[in-house]
Each structure stands twice: as C-alpha cells, then as structure tokens.
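If you want the building blocks of each chain, they are given just below.
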Amino acid sequence: MLVLEKNNLTEEIELFASQYDFHRTALMPLLEYIQEKYHHIPDFAQQEVARVLDIHPVEVYGVISFYSFLNDQPKGRNIVRLCRTIICDMAGKCQIEQAIERELGLKFGETSKDQKITLEFTNCLGMCDQGPAMIVNDRVYTKLDPEKACAILKEIK
Amino acid sequence: MKHLKTSRAPISQKAYVPSAPENVDTIGGTVTVQINSKTMTVPFGTTILEACRMSDIYIPTLCAHEDLGIGGHCRLCLVDVEGMRTLQASCAFPITAPLKVKTSTIAVRKARKHIMELLLSEHVGECYACVKNGNCELQDLAKEMGVDSYMFGHDNVSKYPVDRSSYSVIRDMDKCVNCRRCVRTCIDLQEVGCLEAIGRGAETHIDTFMAKPLAEVVCINCGQCINRCPTGALYANDPSDEIWRAIEDPTKHVVIQTAPSPRAAIGEEFGLEPGISLTKELNTAIKRIGFDKVFDTNFTADLTIMEEGTELLTRIKKAVVDGDESVKLPQFTSCSPGWVKYIEHFYPEYLDHLSSAKSPQQMFGTIIKTFYAEQAGIDPKDIVSVALMPCSAKKFECNRPEMDASGYKDVDYGLTAREMAMMIKEAGMKLPSLPKSDFDNPFGLGSGAGLIFGATGGVMEAALRTVYELVTGREVPFEKLRIEAVRGFEGVKQSSVVLENVVPDWSFLEGVELKFIVAHGTANAKKVMELLKAGELYDVHFIEIMACPGGCLGGGGQPVPTNEKIRKARAKAIYAEEETLPVRKSHENSHVAEFYAKFIPEGPCSHKSHELLHTHYTKRGKFIL
Ligand code: SF4
Ligand code: SF4
Ligand code: SF4
Ligand code: FES
C-alpha cells in the first residue's frame with residue numbers, strides 16, 4: 001500500500017470511529033464499512049482499527065475470520081454466493097453450479113483475473129422454500145434455473 | 001493507587017461476577033444450594049464449580065484456571081441442575097437462586113465422557129512422543145473418565161505445521177483442544193494480545209495475527225501461555241540436545257549458572273510439595289550430569305544491584321544537583337527480558353527510562369567469557385555457557401544480537417527449570433535424594449539480596465538495602481532487613497522511604513523521600529505505564545517490573561501447573577532460604593568487591609563496566625509488518 005493510501009485509510013478509520021466515541025462497539029460497523037469500500041480489510045487497516053479502538057490486532061483478525069462476509073484477502077468486486085445447504089442441493093444446486101462455472105470459465109472458490117467476480121458457496125440463506133438460491137453482493141435471487149442464473153451474472157459489471 | 005481501566009478484553013472473557021452484597025449476612029447475601037445430598041449455603045454469585053470445590057466434591061475441568069476469567073469452552077464440567085433442560089457447565093454457572101445440583105448422574109458421566117472422546121477424536125498426537133507425557137491435564141482427564149477406546153475415531157493426520165519461529169515458545173496446534181487458556185492468558189492476564197481463537201465452528205483454532213509466525217508478532221516470550229496450556233500444544237524451545245552434545249565434547253568447557261527461582265521450584269518436577277528449595281542438591285545433579293562448573297546467578301544479581309543502584313543515584317544526582325532536564329526518572333529495572341520486550345513494543349518512547357544494566361543472566365554470560373576465561377586460562381571460544389532460568393524469555397534474550405560484549409555469544413543456551421528436570425531424569429537421578437554440594441569459585445555464593453530477585457519486589461528490596469546503606473551509612477530500618485512494603489502479591493505496590501542523616505557524599509539527598517513502585521505481570525506494567533504517560537509518576541524514582549505474575553518464581557519456564565497458592569509457596573521458600581544466608585546485602589558480597597578490584601577497578605557504571613555490563617534497547621513498536 002502506498003503511504004498516501006495508508007494515510008487516507010487511517011483518517012477514514014479515525015473519522016468513522018469518532019462517531020462511536022472510539023468505543024469498541026464501533027468494531028463491526030467499522031469493519032463492514034472498510035469491507036464495502038475496499039472489498040477486503042487489509043492487515044494495515046486491521047491494525048489501525050485495533051489502535052483506534054484500543055484493542056489487539058489479533059482480536060480484529062479473529063472477528064474478521066469469524067464472519068464469512070468479511071475478508072482479509074482481496075476478492076472480486078462482485079461476490080456470488082450460491083447456497084449449498086441440503087434443500088437447495090435437492091432443488092438443483094449442482095446444475096446451477098455447473099452452468100455458472102461453464103459460463104464464467106471460473107470454478108467456485110476462485111476469483112476472475114480481472115477481479116470482477118468471486119464465486120463462493122454459502123450455507124443456508126433461509127430461502128429453502130424458494131431454492132435454489134444465491135446472493136450476488138447484497139441481492140438475493142431465488143428459484144434459479146441455469147439460464148436465469150447465467151442471465152443474472154451477465155448483468156453484473 | 002488510582003484504578004485505571006486498561007483492560008481491553010472482551011466482556012465474554014471476563015469473569016462474570018454478579019454483584020454480591022458487601023455484607024453476606026444481609027438478606028440475599030447468601031444462597032442455599034443442594035449438591036448431591038449435601039445442602040450448603042454459599043455467597044450469592046458463587047459458581048457451582050466453586051461451591052463443589054468448597055465442599056470437596058470433585059468436578060473435572062479443562063478450560064477453567066484459577067488465574068483466568070471464566071471460559072466455559074470445554075464443557076467437561078457439566079452437571080445436572082434441576083429444572084434446566086440441558087446439562088450446565090458448572091464453571092460458568094453462578095448461583096443466584098436456590099438450586100439442586102447433581103454432579104454424577106448417568107447422563108452427566110456419559111456426556112462428559114463423550115465430550116472427552118470428541119476432543120480426542122480431533123487431537124493429533126501420541127502421548128509417548130509428547131513433551132507433556134505424564135504431566136498432561138488432557139491425558140489425566142481421559143484416564144479419569146475411563147476412556148478406553150476412541151469412540152469417535154482418532155485423527156492422525158497433521159492439520160497445522162509446528163511453529164518453531166520463536167526462540168522461546170513453540171506452538172504445535174495439532175495438540176490444541178481450543179480451551180483458550182492461552183488466549184485468556186495473553187489477552188487478560190498479560191495484556192499482550194498475540195493469540196486469539198480464529199475461524200468459526202469446526203474450523204476454530206488458536207492463531208496469531210494474520211496467522212504469522214509467533215516470532216513476527218508482538219509476543220514478549222513470557223511463556224505464561226505455556227504454563228497454563230493443559231496439553232502439549234505449547235512448550236518452550238528446548239536446547240538440551242545441544243547441551244548434551246557440548247557436555248560429551250571433550251574440547252568444550254561447559255559452565256552453568258543457576259537462578260534462584262528454578263531452585264525453589266524444580267522439586268515440584270520430582271513430586272515434592274511446592275516451596276522446597278533444592279539449591280545444593282541441584283549443584284550435585286548438575287556436576288554429575290557433566291557440567292564443568294556451576295555458578296550462582298545471585299553473584300551477578302548482586303552486580304546488577306551495584307550497577308543499577310549506582311545508575312539510579314547518578315540519575316537522581318544529575319536531576320537534583322545538576323538540574324539536567326534530559327535525565328529520565330523514574331528509572332525502570334531491566335532484569336526481566338519479557339518486560340524489556342514489552343516496553344520495546346508498547347512504550348518505545350519510554351525506553352530511556354529503562355536501566356541500561358544488563359540482566360544478571362547476561363552479565364554472567366559476559367563475565368564467564370571474559371573475566372572467568374582469563375582467570376581459568378581457558379579460551380572463551382571453547383566455553384559453552386548455559387543459564388538455568390525460570391523463564392522462557394531468557395532464551396530470546398541470550399539470542400539478542402547485541403549480547404556479545406565478550407566477543408562471543410555471551411550466553412549460549414537458556415534452559416528452563418522443566419528442561420533441567422528432564423535432563424536430570426534422563427541422567428537417571430532422583431534430585432531430592434542427592435547429597436548437597438556448593439557452588440564453584442571464583443564467584444562462590446551470592447548474597448540473600450540476589451536470591452530474592454526471584455520474587456516480585458525482590459529487586460527493589462535488594463536495591464533499597466544497598467542504596468539506603470550507601471547513602472546513609474546505616475542499614476535499612478526494618479526488622480531483619482525485611483522490607484514488607486515491597487513483598488507480597490498485590491499487583492501494583494507503591495511505597496517510599498525518607499533518607500535522613502545522610503553521609504556527606506550524598507548530602508544533596510538529605511530529607512529526600514525515595515519513592516518506588518513494584519509491579520508484576522505485564523497487565524500491571526501497563527497500568528503503571530499509563531499512569532506515567534498521564535504524568536502522575538513525575539516524583540517516583542525507581543520502578544521494578546517483572547513480566548510474570550509473581551515475578552520470576554511464576555516464570556514461563558517453571559514447573560507446570562501454576563496458581564497463586566503454588567507461587568506463594570515458592571516465594572516463601574525463597575524468603576526463608578535468604579534469611580539463612582551469611583551475607584544479605586549485595587554490596588557486602590566479598591566476591592563482588594574482589595571482582596571489581598581485579599577486573600573493573602574503576603567501579604560500577606565506569607567505562608569498562610558500561611562496555612561489559614550494560615546494554616541498549618531496540619525501539620520495536622507494535623506494528624506488525
Ligand atoms: S497433549 Fe497430552 S494427551 Fe495429547 S499427546 Fe501430549 S500427553 Fe498425550
Ligand atoms: S509467551 Fe507471553 S506474550 Fe507470547 S503468546 Fe505466550 S502469553 Fe502471549
Ligand atoms: S494452545 Fe493450549 S492453552 Fe491454548 S487453546 Fe490450545 S490447548 Fe488450550
Ligand atoms: S471447565 Fe467448565 S467449560 Fe471448561
């Protein structure tokens with residue numbers, strides 16, 4: 001990271017945490033904010049968060065490792081999460097999986113070279129009655145079939 | 001002393017203490033609980049586990065530890081509480097209403113055994129090839145619960161590589177059972193914060209920041225996590241193979257120095273009660289193992305007092321008489337390498353406050369390869385210098401690149417009390433029944449002041465005995481030289497002594513109130529540092545800090561287990577032994593006087609002594625690259 005970028009990030013983190021009086025309860029919103037903006041939380045940012053909230057860097061790392069939606073490594077700008085839980089599985093998750101992989105030339109667990117898309121599995125989305133389901137970024141798509149899934153993926157930038 | 005809120009630990013890792021009424025005699029101050037068939041009255045908020053322990057009812061525990069907050073992770077302490085749908089973890093269940101508890105129903109026993117078998121199903125390790133064999137809480141519990149087969153299988157495929165990056169602590173996470181004692185130790189007890197539970201669900205494991213090697217994070221090498229780990233997942237970096245080889249090598253002259261704390265605790269490794277010093281038996285064992293010489297670290301503890309005491313008086317003189325503003329007071333002790341690394345990481349801007357005197361271990365290392373080599377006519381390159389220490393951070397300290405004042409690596413190996421005990425066992429000896437023998441010359445026996453370095457407050461007491469007498473010409477005004485104000489296990493102790501009727505040389509100190517603070521455990525060190533930062537300690541002169549709870553006697557290289565009772569017993573042994581010694585003040589140690597006369601005639605803090613007996617520190621900071 002460049003020094004300038006680091007300084008900016010520090011400033012942003014401090015500004016954000018100040019709304020919470022630098023209390024440790026700012027941790028989750030702060031991490032979500034960084035994740036949304038930078039698509040991951042680099043180790044520099046983790047240590048700055050720890051410094052600003054007066055906790056240990058390893059605690060911040062522990063929280064990030066706990067939540068699937070927080071990452072410490074860069075991922076694509078768009079994250080596609082396909083539900084792998086048993087109901088969606090029975091509703092035809094495998095066909096969707098294969099269709100997406102074929103369409104994008106990318107396997108689940110991978111990120112495209114241009115950093116556009118990351119494919120992942122997720123556990124239950126709570127959409128069991130409308131499976132198979134997937135989330136693209138924040139939006140949930142249900143009752144998928146292979147064509148519909150591919151069409152959705154074509155839309156994303 | 002004002003209480004400072006410095007703890008950063010998550011609430012979930014703090015002991016939950018429901019506010020008990022000040023007076024338990026008031027209505028609601030106590031609760032009645034029936035455990036098995038026994039009815040008892042306990043203070044409001046007592047946990048079921050504590051209540052059981054009060055009435056001698058045994059409950060197996062794995063993650064609970066006397067020194068740490070409530071965990072509730074392992075679930076081995078399950079009991080049946082009437083009216084509850086599920087079994088409850090007794091260590092994490094405060095009694096706030098009358099209860100009926102059963103501790104040994106079929107359901108309880110079965111659940112505990114299943115939990116144990118589940119733990120073992122993921123525990124990669126074979127007891128015969130494990131450092132903890134014979135002293136492992138997991139092993140003991142498996143036996144106690146009658147585990148005779150791996151009901152849920154047994155994993156033999158290693159999941160995590162062993163982290164051997166640190167000079168002090170080795171982490172073998174295959175053996176970890178996620179009890180999080182190390183996490184609570186590192187975050188709550190020591191407030192260093194290197195270890196945390198990482199991941200979720202079945203993937204949870206203990207790791208460092210960004211899964212870096214331990215040597216690359218802010219670990220201060222205190223080894224407190226080792227002392228509390230119930231399994232063989234954490235252990236010290238053991239140099240005994242190299243030492244055995246050096247002993248076998250006829251061209252090598254192998255010498256060892258022994259510190260007071262391991263001598264007061266090593267008996268525990270041989271089944272003795274805590275609190276029995278085996279100093280002289282240990283000398284015999286060491287000689288029989290094949291070391292050429294055994295020296296008493298107390299000798300250099302006395303030197304440390306001479307150097308550090310002189311440094312303190314010089315600083316005060318410069319500040320008071322010369323009005324030198326650049327002089328940094330209070331002065332901190334520098335004999336605890338865990339503390340030194342802590343301040344290098346967390347308060348690097350205060351490094352000038354740290355005494356530049358080396359720790360006793362490193363002073364001895366230098367002296368052995370210079371003065372002793374000269375006297376004995378041995379080429380220092382053929383000397384292998386070992387230090388028996390209560391400490392895992394000493395292993396890091398002797399590997400610091402700047403520790404080569406003798407022209408060689410001053411101390412070759414730091415050996416812990418546990419590793420020494422292992423060497424003695426390997427050599428086929430029973431330590432407690434060995435005959436006694438003395439330390440070797442030219443250093444002889446150190447003073448009692450050096451001996452009490454092992455307990456928190458000891459360095460301060462030793463320094464006061466010397467400084468006070470130097471300045472006033474009289475002994476410290478305490479019965480039997482016992483300076484009670486600095487003894488005991490309170491986290492931060494503050495006291496002072498007024499210097500009156502001083503000798504002419506020190507006339508500027510007439511009427512000065514010498515103020516000092518003693519703290520042990522880096523969590524308490526942090527409190528002191530925060531006070532210093534807030535500008536509240538401007539009039540304090542001297543601060544002693546030891547990184548480990550209880551001081552060296554609770555060090556990370558001492559026998560396992562540890563708890564307050566054991567540490568108190570060890571302290572008692574040290575204070576009792578010191579009163580039997582002929583010399584109890586560092587400056588009265590004739591070997592010390594002789595040493596200065598022969599080797600550093602210019603005296604403490606002179607140019608030569610600075611070259612050999614003093615060091616410098618590194619501003620590390622806490623940013624992890
Ligand atoms: S940690 Fe304990 S139970 Fe595990 S292999 Fe070592 S001695 Fe055996
Ligand atoms: S040695 Fe001390 S600082 Fe290092 S991980 Fe263990 S408890 Fe933490
Ligand atoms: S390393 Fe030891 S103390 Fe830490 S969680 Fe694992 S078993 Fe428990
Ligand atoms: S001892 Fe109670 S849960 Fe571990």
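Basis of the calculations
- Residues numbered from 1 in each chain as written.
- Chains lettered and ligands numbered in written order.
- Predicted model: local features only at pLDDT ≥ 70, side-chain atom pairs only at ≥ 80, totals over all residues.
- Heavy atoms only, no water.
- Helix = DSSP H or I, 4+ residues; strand = E, 2+ residues; numbered from the N terminus.
- Rg over C-alpha atoms; globule rule 2.2 N^0.38 Å.
- Buried < 20%, exposed > 50% of the residue type's maximum accessible area, 1.4 Å probe, protein only.
- Contact = heavy atoms within 4.5 Å.
- Lys, Arg positive; Asp, Glu negative; His and termini not counted.
- Charge placed at Lys NZ, Arg CZ, Asp CG, Glu CD.
- Areas by Shrake-Rupley, 256 points an atom, 1.4 Å probe, with all protein chains shown as cover.
- Near = heavy atom within 4 Å.
- Nonpolar A, V, L, I, M, F, W, Y, C, P; charged D, E, K, R; others polar.
- Patch = residues over 30% accessible without salt bridge, like charges linked within 9 Å, V, L, I, M, F, W, Y side chains within 5 Å.
- Salt bridge = Lys/Arg side-chain N within 4 Å of Asp/Glu carboxyl O.
- Buried area = accessible area lost by both parts, 1.4 Å probe.
- Polar contact = N/O pair within 3.5 Å; in protein donor to acceptor, adjacent residues only side chain to side chain.
- Axes fitted to C-alpha atoms, helices over the stretch in contact; angles between N-to-C directions.
- Parallel < 35°, antiparallel > 145°, perpendicular 65-115°, else oblique.
- Left-handed = near helix turned anticlockwise from the far one by under 90°.
- Domains from an automatic or database assignment.
- Pairing = 2+ DSSP bridges.
- Phe/Tyr/Trp six-rings, centres within 6.5 Å; stacked < 30°, edge-to-face > 60°.
- Lys NZ or Arg CZ within 6 Å of the ring centre and 35° of its normal.

This part covers the overall build of chain B. Of regular secondary structure, chain B possesses 19 helices and 17 strands. Here chain B has a C-alpha radius of gyration of 26 Å; the compact-globule value for 625 residues is 25 Å, and the two agree. If one aligns the C-alpha atoms of chain B with their principal axes, the spans along those axes are about 80 × 65 × 50 Å. For chain B, the residues scored as buried account for 60% of the 625 residues in total. For chain B, the share of sequence-separated contacts (at least 6 apart) that also reach a separation of at least 24 residues comes to 76%. Of the charged side chains in chain B, 71 are positive and 80 negative, and the gap between their average positions amounts to 5 Å.

Let us look at the overall build of chain A. Tallying secondary structure elements over chain A gives seven helices and four strands in all. Secondary structure of chain A in N-to-C order comes out as α-α-α-α-β-α-α-β-β-β-α. In chain A, which comprises 157 residues, the share counted as buried stands at 46%. By sequence separation, contacts in chain A at least 24 residues apart represent 60% of the contacts at least 6 residues apart. When the accessible surface of chain A is totalled, it reaches about 8,500 Å², and 52% of it is carbon and sulfur.

This next bit is on the site of ligand 1. Not every one of the 13 residues close to ligand 1 is listed here, only the nearest: His123, Cys127, Cys130, Cys136 and Gly232 of chain B. Broken down by class, the residue content of the shell around ligand 1 amounts to four nonpolar, six polar and three charged.

The subject of this paragraph is the site of ligand 3. Taken together, 14 residues lie around ligand 3, and Cys176, Cys179, Arg180, Cys182 and Cys229 of chain B are the ones closest in. Grouping the amino acids of the shell around ligand 3 by side-chain chemistry returns 10 nonpolar, two polar and two charged.

With that out of the way, let us pick up a negative patch on the surface. All names here are of chain B. A contiguous patch of negative charge, built from Asp238, Asp241, Glu242 and Glu426, is present on the exposed surface. Mapped onto the elements, Asp241 comes out in helix H6 (residues 240–248). Judged by its relative accessible area of 51%, Asp241 is exposed.

For the bond from Leu329 of chain B to Pro330 of chain B, the omega torsion is -5°, close enough to zero to count as cis. Locating Pro330 of chain B in the fold gives a position in the loop between helix H9 (298–320) and strand S12 (331–332). For the bond from Val560 of chain B to Pro561 of chain B, the omega torsion is 10°, close enough to zero to count as cis. Structurally, Pro561 of chain B can be placed in the loop between strand S17 (542–546) and helix H17 (564–579). The phi dihedral of Lys143 of chain A falls on the positive side, at around 45°, and the residue is not glycine. Mapped onto the elements of the fold, Lys143 of chain A is located in the loop between strand S4 (139–141) and helix H7 (146–155).

Attention now moves to the interface of chain B and chain A. Counting from both sides, the interface comprises 23 residues of chain B and, opposite them, 18 residues of chain A. Here chain B packs against chain A, burying approximately 1,800 Å² in sum over the two surfaces, 60% of which is carbon and sulfur. The tally of links between chain B and chain A comes to zero salt bridges. Taken together, the connections running from chain B to chain A amount to five residue pairs in polar contact (both at pLDDT 80 or more). Looking at the side of chain B that touches chain A, the element that brings in the most residues is strand S7 (residues 196–198) of chain B, giving three residues. Of the residues belonging to the side of chain B that touches chain A, the class tally is 13 nonpolar, three polar and seven charged.

Attention now moves to the packing of helix H3 (residues 43–53) of chain A against helix H4 (residues 57–66) of chain A. Residues and elements named next belong to chain A. For the pair H3 and H4, the least separation of the axes is 8 Å and the interaxial angle reads 120°. In terms of their interaxial angle, H3 and H4 are classed as oblique. Seen from above, H3 lies across H4 with right-handed handedness. Listed contacts from H4 to Gln46, Gln47, Val49 and Ala50 of H3 are Pro57, Val60, Tyr61 and Ile64. Residues belonging to the contact of H3 with H4 are distributed by class as follows: six nonpolar, two polar and no charged.

Another point: the domain arrangement of chain A. Per the domain assignment, the segments making up chain A are domain 1 (6–66) and domain 2 (78–156). Centre-to-centre, using C-alpha coordinates, domain 1 of chain A lies 30 Å away from domain 2 of chain A.

The next subject is the pairing of strand S2 (residues 38–43) of chain B. Two faces belong to every sheet, and in a regular strand the side chains alternate between them. Where strand S1 (residues 30–35) of chain B meets S2 of chain B, six bridges bridge the pair, whose relative direction is antiparallel. Paired with Val33 of chain B across the two strands is Met40 of chain B, which belongs to S2 of chain B.

Bringing the sheet that holds strand S3 (residues 78–81) of chain B into the picture now. Residue and element names in this part refer to chain B. An order of S2-S1-S5-S3-S4 is seen for the five strands of this open sheet, with the pairing classed as mixed. Bordering the open sheet on either side are S2 and strand S4 (88–89), each of which pairs with just one other strand. Sheet topology places S3 next to S4; two bridges connect them, and they run antiparallel. In the strand pairing of S4, Leu78 is matched with Ala89. Most of the contacts of helix H2 (residues 106–121) go to S3, to which it runs at about 155°, and overall it touches S3 and strand S5 (99–102).

Moving on, we come to the packing of aromatic side chains. Residues and elements named next belong to chain B. Following the criterion strictly, the structure yields 25 aromatic pairs over all chains and no others. When the centroid spacing of 6.3 Å and the interplanar angle of 45° are considered together, the rings of Tyr342 and Tyr347 count as tilted. Assigned by exposure class, Tyr342 and Tyr347 land together as buried. A network of ring pairs unites the aromatic residues Phe295, Phe299, Phe364, Phe371, Tyr372, Phe443, Phe595, Tyr596 and Phe599 as a single cluster. When the ring centre of Phe599 is taken as origin, the NZ or CZ atom of Lys608, which lies over that ring, is 3.9 Å away.

The parts lose accessible area when they come together, and the size of an interface is often stated as this lost area. For chain B, the domain assignment lists domain 1 (11–104), domain 2 (116–236), domain 3 (245–299 + 361–433) and domain 4 (307–357 + 446–613). Here domain 1 of chain B and domain 3 of chain B have C-alpha centroids that lie 45 Å from each other.

Further remarks concern the environment of Phe299 of chain B. By secondary structure assignment, the location of Phe299 of chain B is in helix H9. In this view, Phe299 of chain B contacts Phe364, Ile367, Phe443, Gly446, Asn589, His591, Val592 and Phe595 of chain B; residues no more than four positions away in its chain are not counted.

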